[in-house]
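As a plain string of letters, each chain reads:
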Amino acid sequence: MFADAIRRLPLALDPERGKAAREAVPGATGDLARLIEGAAGSSPYLAGLLAREGAWLASALDAEDVVAAETEGFEALDPAALGAGLRRAKRRIALLTALADLGGVWPLERVTGTLTALADRAVDLAFRAHLAPERARGRLPEGGADAAGLILLAMGKMGAGELNYSSDIDLIVLYDDEAYAPADRQEARAALIRVTRRAAATLSDLTAEGYVFRTDLRLRPDAAVTPVCMSASAALDYYEAEGRTWERAAYIKARPCGGDLGAGVRFLEALRPFVWRRHLDFAAIEDAHGMRLRIRAHRGLGGEIAAPGHDMKLGQGGIREIEFFTQTRQLIAGGRDPSLRLRGTVEGLAALAAAGWVPRADAEELADHYRHHREIEHRIQMVNDTQTHALSAPGPALDAVARLSGAEDTAAWAEGIRQRLVRVEALTGAFFAPSPAQPLPELSETAEQIVARWRSYPALRGTRARTVFRRIEADLLMRLTRAAHPDDALARFDGFLAGLPAGVQVFSLFEANPQLIDLVADICGTSPGLAAHFARHPGVLDSVIAGSFFAPWPGERGLRDALAAAVATALRGPGGGYERALDAARRFAHDWQFRTGVHHLRGLVDAEEAARQYADIADAVLGVLFAEVAAEFATRHGKPPGRGAVVLGMGSLGARQLNAASDLDLIVVYDPGRAEASDGPKPLPARTYYARLTQALLTALSAPTAEGRLYEVDMRLRPSGRQGAVATSLASFHDYQMTEAWTWEHLALTRARPVAFAGAPALMDEIEALRLEILAARGTDPRVLPDLAAMRARLAGARPSAGPWDAKAGPGRLQDIELLAQSLALRTADPARASTAQLRAGRRAGLIGAEDAERLASARRLMWRVHAGTRLIGERRVDLAGLGQGAQAFLLREAGMPDLGTLAERLEEAAQHAAALIEAQIGEAAAAAGGPGG
């Protein structure tokens, strides 16, 4: 019985209001009466609910499943009646839940679980209610997938079953596009977008009956530009190409909560490799620590801890600190240990303790503090049903929360909270605290000579600088001596140190963030290219000190805007001009490439995200520089004749799969329209104009200046290769691709991507449409597979594998898998450019089985990690056994392998399996080509 289970009682701040509320509940006596009086006497909101629903409460106290009871039969309601019914159910369940919480009748897990169960039920009902009219109008096919294939994902606290008393709910709404025939998808998409908007309004609109749940749909992919409901395949493509670390963390708690539950489970399973990385993911530590600091700085939550005025969610020692601690540990190790992939915070702490990642006593203490913090948070929100997490300053509002907690002495109660906050801060803060320094290692004679001259450098002339440096010197030297060639690594660091004008800030930063000592040591000992940039440009640490070095990735648009501003300043500022602009572009690109390389080296991004970041940089450079080159060219020869030109990124650039040493494969296509020549001071025939404009772009990209070169550029993929014009007219490009191009050129076209233009922007869309037209026309050619088999045979002879560590060349390795993926995109005329998406396109079209596609995608991921890693450390032909400890550890971490022997075995095994799958795909065509099946 409810009344018999009451274990604690709130106190009434306003006894008269409490008594009036108790009279609204028939038969309330004893502890139940005192519970009602205390709750209503300290919460105006609960007093209002009791006045309205007191009679119902008397009959519902002992319901086994109040959510099921209060929403029974709601499936038959139309949207308007459902909205009213859900609001009534929310009032009643909120009232019962509050009393069960305040009286200690239910534990925290049942309180949050009941609120979450109501949210699940309300969401599912709201969406189904608005699906029915769309089906009735014929906008959605009858039958088929459950709930029209809608995937309703609960995120955040709802996903974890941890909704607080006045929570918003975070939803991501998708639909299973494979549940629809291609001809029906566009109309279904429009209908499901309408359904989503109307269902969200049913849940969150404030009416005379109140609201059900405030609903937030902004966690979906790229929410600023995408519809409120998007296809599952588009979401997967987004996360594969653009997904960020915060989105990975958000999906720890994701859970299908309604709609087609099976489709939701399948989507999350497909997303698993994105969320749970196979290697120990140290980026999570950096991100969580940075987020903690940003939240504190933004909200002014630092300083001495005191309960009055404290934010129980975001403040020091608060709920978010425990969640960060738990989720960060889960992200670090959850890729390797599936037992850690739990949504709930308390459950996650228990799993971390069981796996040895957190001391059991610490996990149990944090779980106790978490439950207490959440109960206080609930009481804060119960006072007036407000979405707030902060305790009030001393006064009646703070007293109300104390009385709801059963405390008559507010000061003593607040002191107990303060002690808990301080303890949580100590337990979680220690996780992010610096590690102790290591003993000074033995140094060679050469190293001793290098170290001896450091005291004469500007950075170490001050007493304070020398004092701070001494505290980090041993750790730094120890890490540098682990390189394969420690004297070389030390010499690279010496170049950096010699260029520093002052050292206190940098050395203090290293001391406060020992991971930066690792960063410098890793750069100097692992990647000569990054070390050279570091030594030439020690000012790059300015961004590290300012925090921007570890800020969220700005994306291609952010980079383009920043580069455009830098180039404009170089052009128009004092002493500015075109050459200055080219130097500014080089500095900009090199600094961002350095950042990406360092983040990759340090595990802040993996090889896949680093590839996308390198592509973002290249896209920004091409977009800004082509416009500037065209503007400069136009001052002499006039504006581009006709409709202008487009730069097509081919190969790895087109697929957004660049590494630290990638060159750029480009094609320039122009449309002169009816214009025969330009109209400038020195007019040129259209063909000559675009040829020279292209040469000017190549010079801007690849000519060495005082700041180096931007990129090596390869244009051999243009029509007719080296014999063809450097720029191709749109008509010629169409004719060549349709009538003369070889199969390998059509395969290359599957990765082509318009990246920059000079003239009419619409030309980019036209060229993309033309690309898809060519793929559709040429992909059905019966010669595709025989030609592919012949290509594999030629590559096997011309570019044999360089050894067991060569992840790129050879049967079943990166190049081989990518060729097959391109053939699938060509044969299906699919717009996908990335290999994994192309394999998925082949699977959707039935050209390759789902299991085979996933095996090839998995092998490609392993090969790419090894290949991108070796290029970052500056090696083309790699003998991993000859690398230093730092380089070996980096590559092993990237591959998710414990040692070199295991990695070698896994590479060979993956290559053999992939080669067998590819040969099976090609089948008889390989034998017909006369090749060795690879």
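Thresholds applied
- Residues numbered from 1 in each chain as written.
- Predicted model: local features only at pLDDT ≥ 70, side-chain atom pairs only at ≥ 80, totals over all residues.
- Heavy atoms only, no water.
- Helix = DSSP H or I, 4+ residues; strand = E, 2+ residues; numbered from the N terminus.
- Contact = heavy atoms within 4.5 Å.
- Areas by Shrake-Rupley, 256 points an atom, 1.4 Å probe, with all protein chains shown as cover.
- Phe/Tyr/Trp six-rings, centres within 6.5 Å; stacked < 30°, edge-to-face > 60°.
- Buried < 20%, exposed > 50% of the residue type's maximum accessible area, 1.4 Å probe, protein only.
- Lys NZ or Arg CZ within 6 Å of the ring centre and 35° of its normal.
- Salt bridge = Lys/Arg side-chain N within 4 Å of Asp/Glu carboxyl O.
- pLDDT = per-residue confidence, 0-100.
- Axes fitted to C-alpha atoms, helices over the stretch in contact; angles between N-to-C directions.
- Parallel < 35°, antiparallel > 145°, perpendicular 65-115°, else oblique.
- Left-handed = near helix turned anticlockwise from the far one by under 90°.
- Nonpolar A, V, L, I, M, F, W, Y, C, P; charged D, E, K, R; others polar.
- Core = buried A, V, L, I, M, F, W, Y, C linked by side-chain atoms within 4.5 Å.
- Pairing = 2+ DSSP bridges.
- Polar contact = N/O pair within 3.5 Å; in protein donor to acceptor, adjacent residues only side chain to side chain.
- Right-handed = clockwise from strand over helix to strand, strands pointing away.
- Expected span 1.5 Å × (residues − 1).

### Looking at the overall build of the protein
For step 1, the next point in the chain: Counting its regular elements, the protein contains 39 helices and ten strands.
For step 2, the next point in the chain: Taking all contacts inside the protein whose residues are at least 6 apart in sequence as the whole, residues at least 24 apart take part in 74%.
For step 3, the next point in the chain: Per element, the accessible surface of the protein, about 37,000 Å² overall, is 52% carbon and sulfur.

### With respect to the packing of aromatic side chains
For step 1, the next point in the chain: Under the definition given, this model contains twelve aromatic pairs.
For step 2, the next point in the chain: Relative to Tyr-239, the ring of Tyr-238 lies with its centre 5.2 Å away and its plane at 75 degrees, an arrangement referred to as edge-to-face.
For step 3, the next point in the chain: Given a relative accessible area of 1%, Tyr-239 falls into the buried group.
For step 4, the next point in the chain: An aromatic cluster of three or more residues is present, and its members are Tyr-238, Tyr-239, Tyr-251 and Phe-274.
For step 5, the next point in the chain: Cation over ring: Lys-90 sits above Phe-213, and NZ or CZ is 4.3 Å from the ring centre.

### Considerations on the pattern of salt bridges
For step 1, the next point in the chain: Overall, the coordinates contain 60 salt bridges when judged by the stated rule.
For step 2, the next point in the chain: As a salt-bridge pair, Arg-423 and Glu-365 come within 2.7 Å of each other at their nearest N and O atoms. On the criterion of sequence distance, the pair formed by Arg-423 in helix α17 (residues 410-432) and Glu-365 in helix α15 (residues 360-382) is long-range, its members being 58 residues apart.
For step 3, the next point in the chain: By relative accessible area, which is 35% here, Arg-423 ends up partly exposed.
For step 4, the next point in the chain: Classification of Glu-365 by relative accessible area gives partly exposed; the value is 23%.

### Let's talk about the confidence of the model for the protein
Caution applies to low-pLDDT regions: their predicted coordinates should not be interpreted in detail.
For step 1, the next point in the chain: Residues at a pLDDT of 70 or more form 90% of the protein, whose mean pLDDT is 87.
For step 2, the next point in the chain: Taken as a whole, residues 279-286 scores under 50 in pLDDT and shows 29 contacts with residues more than four places along the chain or in a different chain.
For step 3, the next point in the chain: This model gives residues 434-438 a pLDDT under 50, and the stretch forms nine contacts once residues within four places in sequence are excluded.

### Looking at the packing of helix α25 (residues 555-572) against helix α27 (residues 607-637)
For step 1, the next point in the chain: Interaxial distance between α25 and α27 falls to 8 Å at its minimum, and their mutual angle equals 40 degrees. Relative to α27, the element α25 lies oblique. Where α25 crosses over α27, the handedness of that crossing is right-handed. Packed against α25, whose contacting residues are Gly-555, Glu-556, Leu-559, Arg-560, Leu-563, Ala-564, Val-567 and Leu-571, the element α27 presents Asp-616, Ile-617, Asp-619, Ala-620, Val-621, Gly-623, Val-624 and Glu-628 at the interface.
For step 2, the next point in the chain: Its residues placed into classes, the contact of α25 with α27 shows nine nonpolar, two polar and five charged.

### Some details on unusual backbone geometry
For step 1, the next point in the chain: Although it is not a glycine, Ala-147 adopts a positive phi angle of roughly 50 degrees.
For step 2, the next point in the chain: Mapping Ala-147 onto the fold places it in the loop between α6 (108-136) and β1 (150-155).

### A closer look at the nonpolar core
For step 1, the next point in the chain: Membership of the largest hydrophobic core comes to 91 residues, with the highest contact counts inside it found for Leu-391 and Trp-413.
For step 2, the next point in the chain: Residues in contact with Leu-391, not counting those within four places in the same chain, are Ala-307, Pro-308, Gly-309, His-310, Met-312, Ile-376, Ile-380, Leu-398, Val-401, Trp-413 and Ile-417.

### What to know about the pairing of strand β6 (residues 644-650)
For step 1, the next point in the chain: Counting buried positions along β6 yields seven of seven residues, so the element is predominantly enclosed.
For step 2, the next point in the chain: Neither face of β6 is exposed, since Gly-644, Val-646, Leu-648 and Met-650 on one face and Ala-645, Val-647 and Gly-649 on the opposite face are all buried.
For step 3, the next point in the chain: Pairing between β6 and strand β7 (residues 664-671): seven bridges, direction antiparallel. Across the sheet, the residue bridging to Met-650 is Asp-665, located in β7.
For step 4, the next point in the chain: Bridge count for β6 against strand β10 (residues 753-759) is six bridges, and the pairing is antiparallel. Bridge assignment links Gly-644 to a residue of β10, and that residue is Gly-759.

### A look at the side chain of Arg-778
For step 1, the next point in the chain: Mapped onto the fold, Arg-778 is located in helix α32 (residues 762-778).
For step 2, the next point in the chain: Judged by relative accessible area, Arg-778 falls into the buried class, the value being 19%.
For step 3, the next point in the chain: Engagement of the side chain of Arg-778 in a polar contact is seen with the side chain of Asp-781, the distance being 3.0 Å.
For step 4, the next point in the chain: Excluding residues within four positions of it along the chain, Arg-778 makes contact with Gln-737, Met-738, His-746, Arg-783, Val-784 and Leu-826.

### Focus: the side chain of Lys-253
For step 1, the next point in the chain: Topologically, Lys-253 is positioned in the loop between α10 (245-250) and β5 (255-259).
For step 2, the next point in the chain: Accessibility expressed as a relative area gives 6% for Lys-253, which makes it buried.
For step 3, the next point in the chain: Beyond its immediate stretch of four places on either side in the chain, Lys-253 contacts Ala-154, Gly-156, Gly-159, Ala-160, Glu-162, Glu-323, Gln-327, Arg-343 and Thr-345.

### Describing the environment of Phe-325
For step 1, the next point in the chain: Positionally, Phe-325 belongs in helix α13 (residues 319-333).
For step 2, the next point in the chain: Sequence separation of Phe-325 and Leu-427 is 102 residues, and the distance between their C-alpha atoms is 9.2 Å.

### As for the pairing of strand β2 (residues 169-175)
For step 1, the next point in the chain: Counting buried residues in β2 gives six out of seven residues, a clear majority hidden from the surface.
For step 2, the next point in the chain: Strand direction decides the pairing type here: β1 and β2, joined by six bridges, are antiparallel. For Leu-152, the partnering residue across the bridge sits in β2 and is Val-173.
For step 3, the next point in the chain: Relative to strand β3 (residues 215-216), β2 is paired through two bridges, and the arrangement is parallel. Directly across from Asp-170, in β3, lies its bridge partner Asp-216.
For step 4, the next point in the chain: For the handedness criterion, the β-α-β arrangement of β2, helix α8 (residues 185-204) and β3 is classed as right-handed.
For step 5, the next point in the chain: Bridge count for β2 against strand β4 (residues 229-231) is three bridges, and the pairing is parallel. The residue bridging Tyr-175 from the neighbouring strand is Ser-231, located in β4.

### Side note on the packing of helix α2 (residues 30-42) against helix α3 (residues 44-60)
For step 1, the next point in the chain: Direction vectors running N to C along α2 and α3 enclose 125 degrees, while the axes themselves pass 5 Å from each other. Comparing the axis directions of α2 and α3 gives the class oblique. In this structure, α2 uses Ile-36, Ala-39, Ala-40 and Ser-42 to contact α3, whose residues at the interface are Pro-44, Leu-46, Ala-47 and Leu-50.
For step 2, the next point in the chain: Split by residue class, the contact of α2 with α3 holds seven nonpolar, one polar and no charged.

### Remarks on the environment of Arg-587
For step 1, the next point in the chain: Structurally, Arg-587 is set in helix α26 (residues 578-602).
For step 2, the next point in the chain: Put simply, Arg-587 and Ala-706 are 119 residues apart on the chain and 10.0 Å apart in space, counted from C-alpha to C-alpha.

### Some remarks on α13
For step 1, the next point in the chain: Compared with an ideal rise of 1.5 Å per residue, which puts 15 residues at 21 Å, α13 spans 22 Å between its outermost C-alpha atoms and is within 8% of the ideal.
For step 2, the next point in the chain: The element α13 is extensively covered by neighbouring structure, given that 14 of its 15 residues are classed as buried.

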